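# Analysis of the macromolecular model
Each chain is listed here by its residues.
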Amino acid sequence: MRFEIRKRDAAGRLGKFTTNHGTIRTPTLLPVIHPKKMIITPKEMQELLGIEMVITNSYIIRKDNNLRSIALKEGVHQLLDFDGPIMTDSGTFQSYVYGDVTVSPDEIISFQRDIGTDIGTILDIFGTPDQSKEEASEGVSTTIIRAKESMKLKGDMGIALPVQGSIYPDLRAKCAAELGKLQADLFPIGGVVPLMEQQRYPELIRVILAAKQHLPMHIPVHLFGAGHPLIFPLAVALGCDLFDSSAYIKYALEKRMIFSWGTLHLEDIYELPCCCPICSQFTAQDLKKLPQKEMIRQIAFHNLYVCMEEIKKIRNALDNGTLWDLVEQKGSENPYISDALHILRNDTQKQWLETFEPVRRKKALTYTGPQTIHRPILYRTHQRLLERYPLTADTLFIIDEKEVSYADAKNVTISTLFESSDDIDIIIDSSLGPIPLALYEMYPFAQSVFPNTLDQDTLEYTKRIFSAFTKNKKIKYLKGTQTAVQSIKNSMTQTESSFDHQKIKAIAAMQFGLQAATVLFDGNITLVKSKKTQKIRNVFVDNSHVLSFRASDGFFTLKKAGAFQLHKALPFPSLRVIIDDEAAPFVKEGKSVFSKFIIEADPALRPYDECLIVRSNDTLLAVGQCLLNPLEMMQFSHGQAVKNREYFS
Ligand code: GUN
Ligand code: ZN
């Protein structure tokens with residue numbers, strides 16, 4: 001089995017998961033198929049809904065003489081009449097719901113192997129939220145022992161090892177770390193159904209975070225029993241790849257219809273607020289009049305359509321970098337999701353999320369509410385402002401955001417402020433916090449859409465950042481851009497290009513670090529500008545092309561000469577991705593680097609960062625662009641990790 005990442009956003013992954021019965025796209029939803037009562041068949045799901053993988057229960061199959069003998073003789077794919085990948089569960093959930101199950105851990109894993117399951121699940125111990133820590137801990141220990149025993153019996157079958165530990169993050173962490181050492185193909189997060197049913201989303205999120213932070217990155221993660229679309233975006237943003245849904249059928253049996261924001265009873269629906277094929281064909285009145293069995297089937301169909309629509313929205317968001325928007329929207333649709341999001345305001349969680357955060361996106365950062373200011377990209381940006389931005393002047397000139405338009409910032413009006421001093425810093429007081437004018441074109445500053453009227457949380461938060469950033473400096477507020485121009489002109493002596501120089505240094509410092517910014521511009525700087533827009537396009541130092549400037553997001557791409565300088569000046573392993581010698585000849589021909597060839601990477605690198613691709617003896621081979629974060633680069637064994645931009649042949 002193999003798992004690789006194609007695209008990413010937040011800690012979520014747009015992936016490809018390859019099994020013995022084909023490759024599926026993740027994140028995805030596995031409808032639960034009851035082997036005796038298929039109200040919708042897997043084939044119908046495949047053909048009508050684009051379902052790629054299903055999950056069924058081996059315990060139920062094994063208990064039924066007829067099903068067992070068909071499954072053993074012809075295989076589980078034949079039994080379900082489905083040629084895509086099939087995952088099976090073990091009876092753990094039956095044990096949780098009904099008490100004892102009459103099968104041993106060894107028997108059920110061997111049975112799953114013998115019926116040709118693609119991914120079988122061990123008989124783990126379901127840790128309930130009401131357990132004491134001692135009980136939960138014992139369940140974790142037994143689950144780990146059973147996982148190790150089951151590994152010996154699984155044969156060629158893929159295996160799922162569920163992370164248990166009730167509501168105790170340290171037990172979840174321990175279970176994840178221990179199971180993570182075994183060669184599993186899938187890590188479900190188990191024991192969360194009661195949390196989901198009772199909408200205890202904050203506890204659910206703590207559990208997911210604790211598990212994810214201790215599981216290996218290169219194995220997909222399944223959230224066991226999460227079938228409601230309300231939780232999908234947040235779970236994906238925290239790194240869950242698979243979901244299973246029995247909710248679609250359970251709710252249908254109670255005449256309840258799932259919607260992306262919640263659930264409604266058919267009796268309470270005046271008009272169907274959905275355009276799926278079912279809701280387009282029937283009115284609410286039509287549905288109510290259908291014979292019982294048919295009504296259930298139609299509602300089940302609708303429920304699956306709605307779940308799959310949400311999955312598709314999430315996959316799009318992963319592709320175009322708007323997953324946080326979806327997550328925050330769910331927070332405003334449901335108070336418990338909103339509570340759960342508060343956990344992500346904690347610095348420890350922000351630090352973890354930041355490591356996955358792409359350095360830039362194509363789409364603007366759009367405010368959805370008080371949670372937006374807590375996005376990992378803003379956490380990083382503020383950290384870097386405080387740690388990397390080279391504030392040199394003693395007095396900072398502050399302009400209110402409302403008084404400076406983007407046009408001002410990019411045209412000569414503002415750069416003329418710099419006519420007469422080397423030592424001037426203009427800071428825009430904005431909805432995102434302080435923005436040095438020199439960074440005004442850089443993502444996410446210019447590429448953000450915030451309302452004029454902000455919520456109190458955001459105002460207080462940005463005020464704190466502003467105070468930290470301007471600490472120990474004299475501050476001079478300037479009213480009106482024109483006034484600003486005048487008063488700064490009056491007191492400064494700076495050449496016209498000084499602002500450009502300040503700008504390139506500031507951007508390079510934010511992007512590569514302070515030392516890199518010093519190294520890159522050590523020499524005679526020449527800027528090549530666009531004739532049409534007057535924007536910087538390329539930076540030459542002593543006639544060597546060191547950087548190109550991307551106008552769309554205000555970031556630099558590193559050119560060969562720049563890479564050479566940084567390689568010479570920055571200590572190993574700064575900015576580097578170190579690859580196996582075996583892969584060096586390919587990189588020297590311009591091929592991208594696959595994860596399996598990566599030995600080490602600078603832990604400070606982030607997805608879409610520029611990097612130096614080197615051999616283990618630190619010979620510089622190429623300039624690259626990271627597609628993964630350093631931990632992922634080292635753990636994944638399939639898929640691209642670093643794009644080759646320019647190579648030294
Ligand atoms: N289905 C829902 N939750 C669980 C769980 O924790 N373990 C297993 N094996 N199946 C589940
Ligand atoms: Zn519908």
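Residues numbered from 1 in each chain as written. Chains lettered and ligands numbered in written order. Predicted model: local features only at pLDDT ≥ 70, side-chain atom pairs only at ≥ 80, totals over all residues. Heavy atoms only, no water.

This part covers the coordination of the zinc ion (ligand 2). Each pair of donors in an ideal four-coordinate tetrahedral metal site encloses 109.5 degrees, whereas pairs in an ideal six-coordinate octahedral site enclose 90 or 180 degrees. Looking at the zinc ion (ligand 2), one finds its protein donor set to be C274 (SG), C276 (SG), C279 (SG) and H302 (ND1), positioned 2.1 to 2.3 Å from the metal centre. Mapping the donors of the zinc ion (ligand 2) onto the primary sequence gives the spacing C-x1-C-x2-C-x22-H. Pair check on accessibility: C276 and C279 agree, each one buried. (Donors = N, O, S within 2.8 Å, 3.2 Å for Na, K, Ca; no water. Buried < 20%, exposed > 50% of the residue type's maximum accessible area, 1.4 Å probe, protein only.)

With that settled, the discussion passes to the nonpolar core. With 215 residues, the main nonpolar core has L161, L223, F243, L323 and V539 as its most contacted residues. Looking at which element gives the most residues to this core, the answer is helix α15 (residues 292–320), with 14 residues. Not counting residues within four places of it along the chain, the set of residues in contact with V539 comprises I504, F521, I525, T526, L527, S544, H545, V546, L547 and F556. (Core = buried A, V, L, I, M, F, W, Y, C linked by side-chain atoms within 4.5 Å. Helix = DSSP H or I, 4+ residues; strand = E, 2+ residues; numbered from the N terminus. Contact = heavy atoms within 4.5 Å.)

Turning our attention to the packing of aromatic side chains. Overall, the coordinates contain twelve aromatic pairs when judged by the stated rule. Aromatic side chains F259 and W261 sit 4.9 Å apart centroid to centroid with 15 degrees between the ring planes, which places their arrangement in the stacked category. Residue W261 is classed as partly exposed on the basis of its relative accessible area of 38%. Through pairs of rings, three or more aromatic residues link up here, namely F3, F17 and F636. Here the guanidinium or amino end of K560 rests over the ring plane of F648, the centre of that ring lying 5.7 Å away. (Phe/Tyr/Trp six-rings, centres within 6.5 Å; stacked < 30°, edge-to-face > 60°. Lys NZ or Arg CZ within 6 Å of the ring centre and 35° of its normal.)

A few words on the site of ligand 1. Contacts to ligand 1 come from D89, S90, T92, F93, T121, D124, F126, Q164, G190, G191, V193 and F224. With respect to ligand 1, the side chain of T92 contributes an N or O atom lying 3.5 Å from a nitrogen atom. G191 places a polar main-chain atom, nitrogen or oxygen, 2.7 Å from an oxygen atom of ligand 1. Surface burial for ligand 1 is 97%, taken as the share of its 280 Å² of free accessible area covered by protein chains. Of the residues assigned to the shell around ligand 1, the class counts are four nonpolar, six polar and two charged. (Near = heavy atom within 4 Å. Polar contact = N/O pair within 3.5 Å; in protein donor to acceptor, adjacent residues only side chain to side chain. Areas by Shrake-Rupley, 256 points an atom, 1.4 Å probe, with all protein chains shown as cover. Nonpolar A, V, L, I, M, F, W, Y, C, P; charged D, E, K, R; others polar.)

The subject of this paragraph is the sheet that holds strand β15 (residues 395–400). Either a parallel or an antiparallel arrangement is found when strands of a sheet pair, and the pairing is made through backbone hydrogen bonds. Reading across the sheet, the four strands line up as β17-β16-β15-β19 and stay open at both edges, with mixed pairing between neighbours. On the outer flanks of this sheet lie β17 (433–436) and β19 (474–478), each paired with one strand and no other. Shown here is a sheet whose adjacent strand axes are inclined to one another by a mean of 35 degrees, direction ignored. Where β15 lies against β19, five bridges are found, and the strand directions are parallel. Each residue of the ladder has a partner; that of L396, found in β19, is I475. Against the sheet, helix α22 (residues 456–469) touches β15, β16 (425–430), β17 and β19, its axis set at about 45 degrees to β17. (Pairing = 2+ DSSP bridges. Axes fitted to C-alpha atoms, helices over the stretch in contact; angles between N-to-C directions.)

Attention now goes to empty space enclosed by the protein. Here the structure, examined in full by the defined rule, presents four cavities of 30 Å³ or more. Surrounding the largest cavity, V359, I377, R380, T381, R384, M442, Y443, P444, M510 and F555 form its lining. Split into classes, the residues belonging to the lining of the largest cavity amount to seven nonpolar, one polar and two charged. (1 Å grid on protein atoms, 1.4 Å probe; cavity = no way out; pocket = protein on both sides within 12 Å on 5 of 7 lines; lining within 4 Å. Points joined across faces, edges and corners; volume = space filled by probe spheres on them.)

What follows is about the packing of helix α16 (residues 323–333) against helix α17 (residues 335–342). Axis angle and axis distance: for two packed helices, these are the angle between their axes and the distance between the axes, and together they describe the pair. For the pair α16 and α17, interaxial distance at closest approach is 5 Å and the crossing angle is 130 degrees. The orientation of α16 with respect to α17, classified from their angle, is oblique. Contact with α16, carried on its side by V327, E328, K330, G331 and E333, involves P335, I337, S338 and L341 of α17 and no other residues of that element. Split by residue class, the contact of α16 with α17 holds four nonpolar, two polar and three charged. (Parallel < 35°, antiparallel > 145°, perpendicular 65-115°, else oblique.)

The tally for this structure, following the rule as stated, stands at 37 salt bridges. One salt bridge connects R62 with E107, and the closest N-O pair in it is separated by 3.9 Å. Taken together, the residues R62 in helix α2 (residues 58–63) and E107 in helix α6 (residues 105–114) connect sequence positions 45 residues apart. Its relative accessible area of 22% is what places R62 among the partly exposed residues. Since its relative accessible area comes to 40%, E107 is described here as partly exposed. Through salt bridges that share partners, E309, E310, K313, K330 and E333 make up one connected network. (Salt bridge = Lys/Arg side-chain N within 4 Å of Asp/Glu carboxyl O.)

Another aspect to go through is the confidence of the model for the protein chain. Across the protein chain, the average pLDDT comes to 93, with 94% of residues at 70 or higher. The low-confidence segment residues 491–496, where pLDDT is below 50, has 19 contacts with residues more than four positions distant or belonging to other chains. (pLDDT = per-residue confidence, 0-100.)

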